[in-house]
Amino acid sequence: MKVETPPEGRIGARIHGFHPNTCTKEQAATLRQLVYRHKLLVFTGIDLDDQDYIDLARQFGKPQVYFQDHYHHPAHPEIFVSSNVPMDGKKVGVAGTGRFWHSDYQFFDEPLSTTFVLPKIIPEGHRATLFVDMVAALRTLPANLRRALESRSCFHEAVMYYKVQPGDIDRAIAELMAEFRRLSPGAHHPAVITHPVTGQQALYISEGFTMGVDGMPHEASQQLLQDVFAHLRSPALVHEHEWGAGDLMYWDNRQLNHMSAGGAPGQGSRSYRIGVYDGLPFYEGCKLLETAL
Ligand SMILES: [Fe+2]
């Protein structure tokens, strides 16, 4: 196994010559330390069948079963399917997921610590995942914004990204939103979190899921968030990983925002995500719930 580290100050190490079917606990532990250090790992030359992919994810922690079952792979609920290509003539998963800045499961009390994504069908042309380094984002945040946020928490929810399903026809949007909120009422987390392994602080806010800053008047909260979101779009903070055949991405949600990008309309695309709880608190002071153990 060869580790190609990123240039100083950048994220994303590339791992060459990794053989997932023979990955040991010790090797997984080493790779976990690497993902905490470099925030994103890209394994190259990977070819995995579905069960082997789940078995690999288990070496790194506890695979998540996503709370909405229409995202599940028909035979493997641990695999979250993003796809616009039918499987055996049937719709599978959900098309066009994650095309907004977010951190996975930020809207739950126990967010998802790490994520694997394995592209299965790569469209011609440009198809990528974009990342923002939230440690660097905090370090470079203008001082007035940092002061305004530092000791506050934010509220996160995902209702605006609910994907309407075929069975929702003739139902009111208000009813669909209320049903979604019963399953997923949102969560409060500190605006600045401390990583349980590296001890580094990161900004924990995303344009997709962060709805407001707790304890601030609505207008001021929205203005503050808009200023932070503008900072998060700074080109110097954004890293792009263009999908290549055989790539497997693995990242740390505590330190990154990400979004799906590219893929021209009408072009087939499919990827398999497995969310993995690494068994550590999401941030210092965050409760570790049963789901994550
Ligand atoms: Fe995501």
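The structure contained in this document is the topic of the report that follows. Quantities reported herein were computed from a predicted structural model and do not represent experimental measurements.

Rules behind the numbers
Residues numbered from 1 in each chain as written. Predicted model: local features only at pLDDT ≥ 70, side-chain atom pairs only at ≥ 80, totals over all residues. Heavy atoms only, no water. Buried < 20%, exposed > 50% of the residue type's maximum accessible area, 1.4 Å probe, protein only. Helix = DSSP H or I, 4+ residues; strand = E, 2+ residues; numbered from the N terminus. Pairing = 2+ DSSP bridges. Axes fitted to C-alpha atoms, helices over the stretch in contact; angles between N-to-C directions. Donors = N, O, S within 2.8 Å, 3.2 Å for Na, K, Ca; no water.

When you tally the buried positions in strand 16 (residues 270-277), you get 8 out of 8 residues, the bulk of the element. Here strand 16 shows no split at all, with Arg270, Tyr272, Ile274 and Val276 on one side and Ser271, Arg273, Gly275 and Tyr277 on the other all buried. Alignment of strand 4 (residues 62-63) against strand 16, held across 2 bridges, turns out to be antiparallel. Note on strand 16: the bridge partner recorded for proline 63 is valine 276. Of the pairings in the sheet, the one linking strand 6 (residues 114-121) to strand 16 comprises 7 bridges and is antiparallel in character. Within strand 16, the position partnered with valine 117 by the bridge is arginine 273.

In spatial order, the strands read 9-8-12; together these 3 strands make up an open sheet with antiparallel pairing. If you trace the sheet from one side to the other, it starts and ends with strand 9 (187-190) and strand 12 (210-213), each paired once. Direction aside, the axes of adjacent strands within the sheet are offset by 30° on average. Looking at chain direction, strand 8 (residues 153-156) and strand 9 are connected through 4 bridges and run antiparallel. Bridging across to strand 9, histidine 156 finds its partner in alanine 187.

This brings us to the coordination of the iron ion. Ideal coordination angles are 109.5 degrees for a metal with four donors arranged tetrahedrally and 90 or 180 degrees for a metal with six donors arranged octahedrally. For the iron ion, the full set of protein donor atoms is His102 (NE2), Asp104 (OD) and His258 (NE2), at a range of 2.1 to 2.2 Å. Mapping the donors of the iron ion onto the primary sequence yields the spacing H-x1-D-x153-H. Pair noted here: aspartate 104 is in the loop between strand 5 (80-83) and strand 6 and histidine 258 is in strand 15 (residues 256-262), with a separation of 154 residues, a long-range link.

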